[in-house]
Amino acid sequence: LTSKNYNKVSEKTINELKTIVGDKNIIYLDQERLEPYSYDEGYKSNPGEHRKPEVVVMVNSKEEISEVMKLANREMIPVTPRGAGSGLTGGAVPVHGGIVLAFEKMNRIIELDRENLMVTVEPGVITNELNNLIAQEGLFFAGYPMSAETCFIGGNVAENAGGGRAIKYGVTARYVLGLEVVLPSGDIVNFGGKLLKNVTGYNLLQLIVGSEGTLGLVTKVTLKLLPLPKARSVMLVFFEDLESAIEAVPAMISELKTIPSSIEFMDKASIDATYSCLNEKIPCPGMEALLLIEVDGNDQDMVRQEALDIGDYLLDRGALDAIMAETPGEQEKLWKIRSYCPEALYEVSDYRISEDLVVPPSNIPEMVREINKLAEKYNVVGACMGHVGDGNVHAILYRKEGDTLDRWNTIHPELLADIYRATKKLGGTISGEHGVGSKRLQYLPLILSDVELELMRKIKDVFDPNHILNPGKIISLS
Ligand SMILES: Cc1cc2nc3c(=O)[nH]c(=O)nc-3n(C[C@H](O)[C@H](O)[C@H](O)COP(=O)(O)OP(=O)(O)OC[C@H]3O[C@@H](n4cnc5c(N)ncnc54)[C@H](O)[C@@H]3O)c2cc1C
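Thresholds, definitions, all that
Residues numbered from 1 in each chain as written. Predicted model: local features only at pLDDT ≥ 70, side-chain atom pairs only at ≥ 80, totals over all residues. Heavy atoms only, no water. Phe/Tyr/Trp six-rings, centres within 6.5 Å; stacked < 30°, edge-to-face > 60°. Helix = DSSP H or I, 4+ residues; strand = E, 2+ residues; numbered from the N terminus. Buried < 20%, exposed > 50% of the residue type's maximum accessible area, 1.4 Å probe, protein only. Near = heavy atom within 4 Å. Polar contact = N/O pair within 3.5 Å; in protein donor to acceptor, adjacent residues only side chain to side chain. Pairing = 2+ DSSP bridges. Axes fitted to C-alpha atoms, helices over the stretch in contact; angles between N-to-C directions. Contact = heavy atoms within 4.5 Å. Patch = residues over 30% accessible without salt bridge, like charges linked within 9 Å, V, L, I, M, F, W, Y side chains within 5 Å. Areas by Shrake-Rupley, 256 points an atom, 1.4 Å probe, with all protein chains shown as cover. Salt bridge = Lys/Arg side-chain N within 4 Å of Asp/Glu carboxyl O. Core = buried A, V, L, I, M, F, W, Y, C linked by side-chain atoms within 4.5 Å.

1. A look at the packing of aromatic side chains
Tallied over the entire structure, the rule returns three aromatic pairs. With a centroid separation of 5.4 Å and an interplanar angle of 90°, the aromatic rings of F140 and Y169 are classed as edge-to-face. Taken as a pair, F140 in strand β7 (residues 139-140) and Y169 in helix α6 (residues 166-169) lie far apart in primary sequence, 29 residues in all. As far as burial versus exposure is concerned, F140 and Y169 are alike and both buried. Ring geometry for F141 against Y175: centres 6.1 Å apart, planes inclined by 85°, an arrangement best described as edge-to-face. With F141 in the loop between β7 and α5 (153-159) and Y175 in the loop between α6 and β8 (176-182), the pair connects residues that are 34 residues apart, well separated along the chain. For F141, a relative accessible area of 1% corresponds to the buried category. Using a relative accessible area of 1% as the deciding quantity, one classes Y175 as buried.

Encoded structure:
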């Protein structure tokens, strides 16, 4: 599929769109206002990959969206849904131009159902705003990603986002009970509902979750909520090498019979970049890896004891030192080391590969070794961090200081393919939480079988026979 399959947005179409959503909800011809819709966080630093939409349509209701989709189908104009644009794979980038359908105005919390511990929201609600509000009721939505300050609930559903607490709480999908969806045809459907069990036919609800806005437009979400834990302890544990750090984790879980709410790791390159960017002294000289471990529960003494037991266990197994934080302020400081890490690496790397590999958790040391071997082979810098408990390795590779951009441009596609082949060999796959988007589309055949790809193409055809909705994402349809 190329942009040639689609029509340009005409003045007549603009007038029809104005009738549907009103003049003030259209951005057209104003290049300055269109520009922020031409990239997401993943593509922001690379202007070569920005693609401006012809028009941005800020929608307010499912009925408006339905009308827009009928118009787009009739006129053969591609439509790209956009949440907060915090995605890292180009999912919200209108690679074929056309309409960007922006959800920022659909940001109402429709109902907090205290009896059933559920909340129903529009897709443009910012994740942290929801959690801050329901925290006052002693509740939380547990499947949120680490970008919770900016990302929208609709974007999280579309990406099936997961975050730093997935080891204990799982990812977004676990909490999505009901969805209202506008299909590419303009039909409005409800999948699931306020139901904790539902095996009525194929699970279309969960097919939409993680479909990256390629099968339907999410206009309402019902989420399951959990009681907010009352107590929390956070620790940084320092190790001489990454292998000892990672290998200690499964042993700790099985011997102590504990599931912390977070187990995050950082390797030496990540540690050096982060402490240097934050202008802080490395707290344990000689460390080459660290684990951030968080334990939560309802009884402060029990949570504290559990954290102390974990700390003692890891120190017995060769950890160099540990720091524990109990007040929210101190805990935030420790979390900052991990959450600031990607940004710190981005600051030192203008052109980079930023990956989201996932392998069986016990294969993380081997995965990191493979990354380091490939970094050496291609003479680039490699850094790894991520969610140890989930086997999710965020690998960032970038050119060495003084190396030319030409060389980087020549080597990086092959480097990426080598990383993906190595991941597959270790029983892994190429995205644990950030998705495929347009960024990984061309590499999918390295990972999925022809049969799987064909099934996915057929599913897309059933939902969207004209390939109007978010073309150029997940699978190549041509
Ligand atoms: C600093 C940082 C940290 C991050 N940490 C994590 C993390 O821990 N875990 C994680 O999983 N991700 C993480 N991300 C990636 C990103 O934040 C998530 O993928 C997030 O869920 C995207 O939400 P969004 O609203 O920004 O969606 P967008 O980027 O706007 O869109 C993402 C995709 O969803 C589609 N979409 C958006 N809204 C709808 C809708 N209503 N209906 C249908 N399709 C829709 C878009 O077309 C696109 O394909 C991080 C990103 C940053 C910048």
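2. Section: the site of the ligand
In the vicinity of the ligand, 34 residues are found, and the nearest of them are P81, S86, S147, N156 and G162. With respect to the ligand, the backbone of G83 contributes an N or O atom lying 2.7 Å from an oxygen atom. G87 is positioned with one of its backbone polar atoms (N or O) 2.8 Å from an oxygen atom of the ligand. Listed by contribution, the elements that provide at least two residues to the shell around the ligand are β3 (79-82), α5 and β10 (217-224). In terms of residues, the shell around the ligand owes the most to one element, α5, which gives five residues.

3. Focus on the pairing of strand β16 (residues 352-358)
Counting buried residues in β16 gives six out of seven residues, a clear majority hidden from the surface. Examined bridge by bridge, β16 and strand β18 (residues 392-399) share seven bridges and lie antiparallel to one another. Residue pairing for β18: V358 is matched across the bridge by N392.

4. Some points on the sheet that holds β8
If you walk across this open sheet you meet the five strands as β5-β6-β10-β8-β9, and the pairing is antiparallel. Each edge of the open sheet carries a strand with a single partner, namely β5 (109-113) and β9 (188-192). Going from strand to strand, the sheet's axes swing by 10° on average, the running direction of each strand aside. Contacts between helix α3 (residues 62-75) and the sheet are confined to β8, β9 and β10, with β8 contributing the most and set at about 50° to the helix. Packed onto the sheet, helix α4 (residues 127-135) meets β5, β6 (118-121) and β10 and runs at close to 35° relative to β5.

5. Looking at unusual backbone geometry
Backbone geometry places L117, a non-glycine residue, at a positive phi of 55°. Residue placement: L117 occurs in the loop between β5 and β6. Using a relative accessible area of 30% as the deciding quantity, one classes L117 as partly exposed. The phi dihedral of N379 falls on the positive side, at around 55°, and the residue is not glycine. Its location among the elements puts N379 in the loop between α13 (364-378) and β17 (380-387).

6. Considering a nonpolar patch on the surface
On the surface, Y202, L204, L207 and I459 cluster together to form a nonpolar patch covering roughly 390 Å² of accessible area. Summarising the element assignment, L204 is placed in helix α7 (residues 204-208).

7. Description of the environment of E370
Structurally, the position occupied by E370 is in helix α13. For the pair E370 and D418, spaced 48 residues apart in the sequence, the C-alpha separation amounts to 9.5 Å. In contact with E370, other than residues within four places in its own chain, are A422 and L426.

8. Examining the nonpolar core
Judged by nonpolar contacts, the single largest core of 59 residues is most densely connected at F265, L291, I293, L314, L397 and L415. Those residues in contact with L415 that lie beyond four places of it in its chain are I353, L374, Y378, V380, L397 and W408.

9. A word on the pairing of β9
Where β8 and β9 come together, five bridges link them in antiparallel fashion. Across the sheet, the residue bridging to E180 is N190, located in β9.

10. Re the pattern of salt bridges
Under the defined criterion, the tally for this structure stands at 31 salt bridges. Its salt-bridge partner being E67, residue K70 comes within 3.9 Å of it at the nearest N-O pair. Linking K70 with E67, this pair stays in helix α3, spanning three residues, or about one helical turn. Judged by its relative accessible area of 39%, E67 falls in the partly exposed class. With a closest N to O distance of 3.8 Å, K220 and E180 form a salt bridge. Here K220 is found in strand β10, whereas its partner E180 is found in strand β8, with 40 residues between them in sequence. Residue classification places K220 among the partly exposed residues on the basis of a relative accessible area of 30%. Via salt bridges that share partners, R165, K168, R232, E294 and D296 belong to a single interconnected network.

11. Examining the sheet that holds strand β12 (residues 231-239)
Overall, antiparallel pairing links the seven strands, which are arranged β15-β12-β14-β13-β17-β18-β16 in an open sheet. At either margin of the open sheet sits one strand with a lone partner, and together these are β15 (321-325) and β16. Adjacent strand axes in the sheet meet at a mean angle of 15°, parallel and antiparallel pairs treated alike. Sheet topology places strand β13 (residues 262-267) next to strand β14 (residues 289-297); six bridges connect them, and they run antiparallel. Bridging from a neighbouring strand, M266 pairs with L290 of β14.

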